[in-house]
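As a plain string of letters, each chain reads:
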Amino acid sequence: MADDQQLWGYAEVAAHLGISVGAARSRKSRGALPAPDDESIPDRPRWKPATLRNWKPLGQGYRSDLRTNPPADGTSAD
């Protein structure tokens, strides 16, 4: 099947994002995934690979609250 015809379920979406299937389901229910390309089967949404490759999650980036090294200027990290 050509890539533009292939559809991903939760397992493939989770593998692509590096998360568990349960986390993928949770993100979908919270609206934190792009809209599925196919919802013809109830409870089995599917996405085109390009939909997820071109999608940028909101808030993804550097987590300053997880810093383990103290700042170089000697100030408090709090």
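Scoring rules and cut-offs
Residues numbered from 1 in each chain as written. Predicted model: local features only at pLDDT ≥ 70, side-chain atom pairs only at ≥ 80, totals over all residues. Heavy atoms only, no water. Helix = DSSP H or I, 4+ residues; strand = E, 2+ residues; numbered from the N terminus. Contact = heavy atoms within 4.5 Å. Areas by Shrake-Rupley, 256 points an atom, 1.4 Å probe, with all protein chains shown as cover. Core = buried A, V, L, I, M, F, W, Y, C linked by side-chain atoms within 4.5 Å. Buried < 20%, exposed > 50% of the residue type's maximum accessible area, 1.4 Å probe, protein only. Salt bridge = Lys/Arg side-chain N within 4 Å of Asp/Glu carboxyl O.

## Brief notes about the overall build of the chain
A count of helical and extended segments in the chain gives three helices and zero strands. Taken from the N to the C terminus, the helices and strands of the chain come in the order α-α-α. Across the chain, contacts joining residues at least 24 apart in sequence account for 38% of those joining residues at least 6 apart. Carbon and sulfur atoms form 48% of the exposed surface of the chain, whose accessible area is close to 6,000 Å².

## Quick notes on unusual backbone geometry
Even without a glycine there, the phi angle at D43 is positive, about 65°. Mapped onto the elements of the fold, D43 is located in the loop between α2 (21-29) and α3 (49-53).

## Remarks on the nonpolar core
Formed by W8, Y10, V13, A14, A24, L33, W47, L52 and W55, the largest nonpolar core amounts to nine residues. Ranked by the residues each element gives to this core, the list is headed by helix α1 (residues 10-17), at three residues. The residues touching L52, leaving out its near neighbours within four places in the chain, are W8, V13, H16, P34 and W47.

## Points about the pattern of salt bridges
Across all of its chains, the model carries two salt bridges by this definition. In this structure, E39 and K28 form a salt bridge, with 3.8 Å as the shortest nitrogen-oxygen distance. You can see E39 sitting in the loop between α2 and α3 and its partner K28 sitting in helix α2, a full 11 residues away along the chain. On the basis of relative accessible area, E39 is assigned to the exposed category, the value being 54%. On the accessibility criterion, K28 (26% relative accessible area) is partly exposed. A salt bridge links R46 to D38, with the shortest nitrogen-to-oxygen separation between them at 2.4 Å. Overall, the relative accessible area of 27% leaves R46 in the partly exposed class. With relative accessibility at 15%, the residue D38 sits in the buried group.

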